[in-house]
Structure formats: C-alpha cells, structure tokens
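Residues per chain are reported as follows:
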Amino acid sequence: MNTWAFVPAGGVGSRMASATPKQYLEIGGKAILRHAVERLQDRSAVAGVVIGVASDDRWFGELADLPVHAVTRAGETRARTVLNGLSAILEFAGESDRVMVHDAVRPLVRASDIDRLVAQGLPAADGALLAMPVIDTVKRVDESRHVLETLQRERLWRAATPQLFPLEALHAALSNAVEAGETVTDEASAMERAGFHPLLVECAADNIKITTPSDLRLAE
C-alpha cells in the first residue's frame, strides 16, 4: 500500500486582496505552497506529491525545483480540482493505495501531526482527518447576525488537513457529489455524504489556513 499526497493549488485567494494568489505569497522568504509541499515530502510515509494548478498559473514555474510526482490542472471548484488530481493518481496507483489531501495554504502543519494521522488513519477503513476541538463559545445567528442560540461545543471540531482516505473510495465519493451538483467544502464531506464516518485525529491549533492578511502575519 502506498500513500500519495495531493495538494490543490488552483485558488486565487480573493480575500487576501493580493494580485498574487495566496499560495505563492512568502513566509520567511519561501512561498506558502513550498512550505506545505515540503512538509509532506519530508514524511517517509508519502510515496509522492501531486499538485493541481490553474491552467493560467504563471507563478508555479518559479517552484519548478520542487520534486513533485505530477502536476494536474485545477477545476472551477476545489472538489473538481481534487477529482482531477485523484483521476491522475489512479493511473499509476495500486488498488489499495491511499491519498492524503492537504491545503496549499496550510504551511504550518507539524510533522508529528502528519505522522499521527498516518498511524491512526491507515488502519481506519473510513479514513481520517486532522482536526481541532472547538474551545470558543459558539453562537448560531440569524441573517442580521443576532444571536439565536449558543451551541454545545463538546462534540464540535474544526476540520483541517491533511485528510487521508482510501484513494478509490474518495474518488467515487467526490465523483458522485460533483455529478449531483452538491457543494462539498472538504474531502471528508464527500465521504460523509457517501455514508462513511471518518476518524478525527487531533492536531495542533497552529495548523492554520491562510486566508486573510492577518492570517499571513500570524503565520510569519
């Protein structure tokens, strides 16, 4: 069994208010995407990394030295981008192989958390994902942002990445969701829709997704 990693990197990062897609902005003199990919490449459990980039991407060429296994084209949504990547991986992967999908803009994931995900996720038939327990008080609001109720947080978690699943099962789950026109915001959502129950593996709270300028400053 091999575990492949896929990094969807076709986003434009509109909330970052930058002419450069956020995955190519730098932290410590290094592109965010490079940080994220290197975190995966450093783990012995990862057989190879595949990246999905937009067809009009003019920045990825600056990272041409990254030893990735393959580069695929992004779709109009994250789900389609991941589906394109999984289809490419299926061309050379084995039937029992797994895939680890990781956000291009989560450059701070810890090596120990990736190792824990592999250790707990590979034996899990329904796959697994890194996540963080909710520690803040959570409110549900109406359209005008008036509070309707306070939610019980004991069983609430914030999903993160990487997310690790059987390759063929995730491909089928995403295909069905896309064909049905349903929006899935992460791979676990597609698996849940297909009737699976992925395992949550706790990770450090600093495994943040860089979305806004303040996130970038925090990551620095």
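Above this note sits the structure.
Residues numbered from 1 in each chain as written. Predicted model: local features only at pLDDT ≥ 70, side-chain atom pairs only at ≥ 80, totals over all residues. Heavy atoms only, no water.

Draft legend 1. Spatial organisation of the overall build of the protein chain. A count of helical and extended segments in the protein chain gives six helices and eleven strands. Expected size for 220 residues packed as a compact globule is a radius of gyration near 17 Å; at 17 Å, the protein chain falls within 12% of this value. Based on the C-alpha atoms only, the size of the protein chain along its principal axes is roughly 50 × 40 × 35 Å. Out of the 220 residues belonging to the protein chain, those deemed buried represent 47%. In the protein chain, the proportion of contacts linking residues at least 24 apart, taken out of those at least 6 apart, comes to 71%. With an accessible surface of roughly 11200 Å², the protein chain has 47% of that area assigned to carbon and sulfur atoms. Taking the average location of the 23 positive side-chain charges in the protein chain and that of its 30 negative ones, the two points are 5 Å from each other. (Helix = DSSP H or I, 4+ residues; strand = E, 2+ residues; numbered from the N terminus. Rg over C-alpha atoms; globule rule 2.2 N^0.38 Å. Buried < 20%, exposed > 50% of the residue type's maximum accessible area, 1.4 Å probe, protein only. Contact = heavy atoms within 4.5 Å. Areas by Shrake-Rupley, 256 points an atom, 1.4 Å probe, with all protein chains shown as cover. Lys, Arg positive; Asp, Glu negative; His and termini not counted. Charge placed at Lys NZ, Arg CZ, Asp CG, Glu CD.)

Draft legend 2. Region of the structure containing unusual backbone geometry. Cis geometry marks the peptide bond from Thr 161 to Pro 162; its omega dihedral reads 10°. By the element assignment, Pro 162 lies in strand β10 (residues 157-166). Phi at Arg 145 takes a positive value of approximately 70°, unusual for a residue other than glycine.

Draft legend 3. Summary view of the packing of helix α2 (residues 78-90) against helix α4 (residues 167-179). At a minimum axis separation of 10 Å, α2 and α4 run at an interaxial angle of 140°. Considering the angle they form, α2 stands oblique to α4. Of the two elements, α2 crosses α4, and the hand of that crossing is left-handed. Judged by residue contacts, Ala 79, Arg 80, Val 82, Leu 83, Leu 86, Ser 87, Ile 89 and Leu 90 of α2 engage Leu 167, Glu 168, Leu 170, His 171, Leu 174, Ser 175 and Val 178 from α4. Counted by class, the contact of α2 with α4 contains ten nonpolar, three polar and two charged residues. (Axes fitted to C-alpha atoms, helices over the stretch in contact; angles between N-to-C directions. Parallel < 35°, antiparallel > 145°, perpendicular 65-115°, else oblique. Left-handed = near helix turned anticlockwise from the far one by under 90°. Nonpolar A, V, L, I, M, F, W, Y, C, P; charged D, E, K, R; others polar.)

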